[in-house]
Amino acid sequence: EGEGVHAAAAPCGMILYVEDDMFLRMTVSYRLFTKASIPFDVACNGAEAVEMAMAAGPDGQPHLERYCLIVMDNQMPVMNGAQAARTLRERGYKGLIVGMTGDPHGCEDRDAFEASGLDLCVDKAADGMETLAAIIAARVCRTPGAEPPEAASSESERVGDFLPLSPCTR
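Quick notes on the rules
- Here the residue index of a chain counts from 1 through its sequence in written order.
- Under the rules for a predicted model, residues below a pLDDT of 70 receive no local features and side-chain atom pairs below 80 are neither given nor counted, while totals for whole chains, interfaces and linings still include all residues.
- As a rule here, side-chain values cover all heavy atoms of the structure and leave hydrogens and water aside.
- What is meant by a nonpolar core is a set of buried Ala, Val, Leu, Ile, Met, Phe, Trp, Tyr and Cys residues, joined one to another through side-chain atoms within 4.5 Å.
- Relative accessibility thresholds used throughout: buried, under 20% of the residue-type maximum; exposed, over 50%; partly exposed, between the two (1.4 Å probe, protein chains only).
- Should any heavy atoms of two residues lie within 4.5 Å, those residues are considered in contact.
- A helix here means a DSSP run of H or I that spans at least four residues, while a strand means a run of E at least two residues long, and both kinds are numbered starting from the N terminus.
- Two strands pair under a simple rule: DSSP has to find at least two bridges between them.
- Classification remark: right-handed applies to a crossover when, strands pointing away from the viewer, the course from the first strand over the helix to the second runs clockwise.
- As a rule, the C-alpha atoms of each element are fitted with a line to give its axis, helices using only the stretch in contact, and angles between N-to-C directions run from 0 to 180 degrees.
- If an angle is under 35 degrees, it is roughly parallel; if it is over 145, roughly antiparallel; if it lies from 65 to 115, roughly perpendicular; otherwise it is oblique.
- Handedness of a crossing is defined here by the sense of rotation of the near helix relative to the far one, left-handed for an anticlockwise turn of less than a right angle and right-handed for a clockwise turn.
- By this rule the span expected of a helix is its residue count minus one, scaled by 1.5 Å.
- Here a polar contact means two N or O atoms within 3.5 Å. Within protein one must be a hydrogen donor candidate and the other an acceptor candidate, and residues neighboring in sequence count only if both atoms are side-chain atoms.
- Note on definitions: salt bridges are taken to be side-chain nitrogens of Lys or Arg within 4 Å of carboxyl oxygens of Asp or Glu.

Undergrad: In this structure, what is going on with the nonpolar core? I would like to understand it.
TA: One broad trend across soluble globular proteins is that nonpolar side chains are buried collectively. Judged by nonpolar contacts, the single largest core of 22 residues is most densely connected at Val18, Ile70, Met72, Leu88 and Ile97. Setting aside anything within four residues of it in sequence, one finds Leu88 in contact with Val50, Ala53, Met54, Ile70, Met72, Tyr93 and Ile97. Of all hydrophobic cores here, the second largest spans 19 residues; its members include Ala36, Leu96, Val98 and Leu132.

Undergrad: Looking at this structure, how should I read unusual backbone geometry?
TA: Of all residues except glycine, most have a negative phi; of all peptide bonds, most are trans. Phi at Val78 takes a positive value of approximately 70°, unusual for a residue other than glycine. Here Val78 is to be found in the loop between strand S3 (67-73) and helix H3 (81-90). The exposure class assigned to Val78 is exposed, which follows from its relative accessible area of 69%.

Undergrad: I'm lost on the environment of Arg86 in this one. Help?
TA: Within the secondary structure, Arg86 is located in helix H3. Taking the relative accessible area as the measure of exposure, Arg86 reaches 35% and is therefore partly exposed. Those residues within four positions of Arg86 in sequence are excluded, and the remaining contacts are Ala112 and Ser116.

Undergrad: For this particular structure, what's the right way to read the pairing of strand S5 (residues 120-123)?
TA: Within a regular beta strand, the side chains point alternately toward one face of the sheet and then the other, so they alternate between its two faces. Across four bridges, strand S4 (residues 96-101) lies against S5 in parallel orientation. Each bridged residue has a counterpart across the sheet, and for Val98 the counterpart in S5 is Leu120. In this fold, the crossover linking S4 to S5 by way of helix H4 (residues 108-114) has right-handed handedness.

Undergrad: Can you help me understand the packing of helix H2 (residues 46-53) against H3 in this one?
TA: Think of two packed helices as two axes; the pair is described by the angle between the axes and how far apart they sit. Between H2 and H3, the shortest axis-to-axis distance is 8 Å and the interhelical angle comes to 20°. Comparing their axes, H3 and H2 come out roughly parallel. The element H2 and its partner H3 pack so that their crossing is right-handed. Between H2 and H3, the contacting residues are Gly46, Val50 and Ala53 on the first element and Ala84, Thr87 and Leu88 on the second.

Undergrad: How should I be thinking about the sheet that holds S4 in this particular structure?
TA: What links the strands of a sheet is backbone hydrogen bonding, and the strands pair in either a parallel or an antiparallel sense. Here we have five strands laid out as an open sheet, ordered S2-S1-S3-S4-S5, and parallel in their pairing. In this open sheet, the two strands that pair with only one neighbour each are strand S2 (40-43) and S5. For this sheet, the mean angle separating the axes of adjacent strands, direction not counted, is 20°. Sheet strands touched by helix H1 (residues 22-34): strand S1 (14-18) and S2. Its angle to S1, the strand with the most contacts, is close to 160°. Strand contacts of H3: S3 and S4, with the helix running at about 155° to S3, the strand carrying the most contacts.

Undergrad: Where do I start with H1 in this structure?
TA: Residues lying three or four places apart along an α-helix face the same way, a consequence of the helix completing one turn every 3.6 residues. In this model H1 runs just 16 Å from its N-terminal to its C-terminal C-alpha over 13 residues, more than 12% under the 18 Å that 1.5 Å per residue would give. Every buried residue of H1 is listed here: Arg25, Val28, Ser29, Leu32 and Phe33. Between the side-chain oxygen at the start of H1 and the backbone nitrogen of Phe23 there is a gap of 3.0 Å, and the oxygen is on Asp21.

Undergrad: Just checking my understanding: could you explain the pattern of salt bridges for this structure?
TA: For side chains of opposite charge, pairing can occur when their charged atoms come near one another. What the rule picks out here adds up to five salt bridges. The partner of Glu19 in a salt bridge is Lys124, and the shortest N-O contact between them spans 3.3 Å. In this pair, Glu19 sits in the loop between S1 and H1 while Lys124 sits in the loop between S5 and helix H5 (126-139), placing the two residues 105 residues apart along the sequence. According to the relative accessible area criterion, Glu19 is buried, its value standing at 0%. With relative accessibility at 29%, the residue Lys124 sits in the partly exposed group. A salt bridge links Asp123 to Arg110, with the shortest nitrogen-to-oxygen separation between them at 2.5 Å. With a gap of 13 residues between them, Asp123 in strand S5 and Arg110 in helix H4 connect regions that are remote in the sequence. On the accessibility criterion, Asp123 (21% relative accessible area) is partly exposed.

Structure below.
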């Protein structure tokens, strides 16, 4: 799959944040989503993420557009991020999936994660969080007047060019 293949789906909607570490679930979601008034759901492992993303809509069919962005850790219990991303793609999810990992570049686990259907993989370090904040600031709806996600910067424009979605506000 090429760059930006999944970027056309759901330019506006909720974020699904998938992280098993409670501290990161609280701090990252607060800094990136809550402070910016961005609607989000949380899953604690890949199996929960797949279940939530594939949940039926009002017509009884999977509501694949519910989440415009899934931000996912790799190293999780039950089902890891690579397995979850692969499963989501196999089941038709076309929205953005951004992986977050502490694994170094060149590590076998990271390589498998990056090849699993992610649109982008970022480090859990500060520069990765800045990239993630820029993606969110450029491409996800938030309440008008809400402050942008923390760590958003001029990199927003560069990341926005990478992801061909149209920004919107509610």
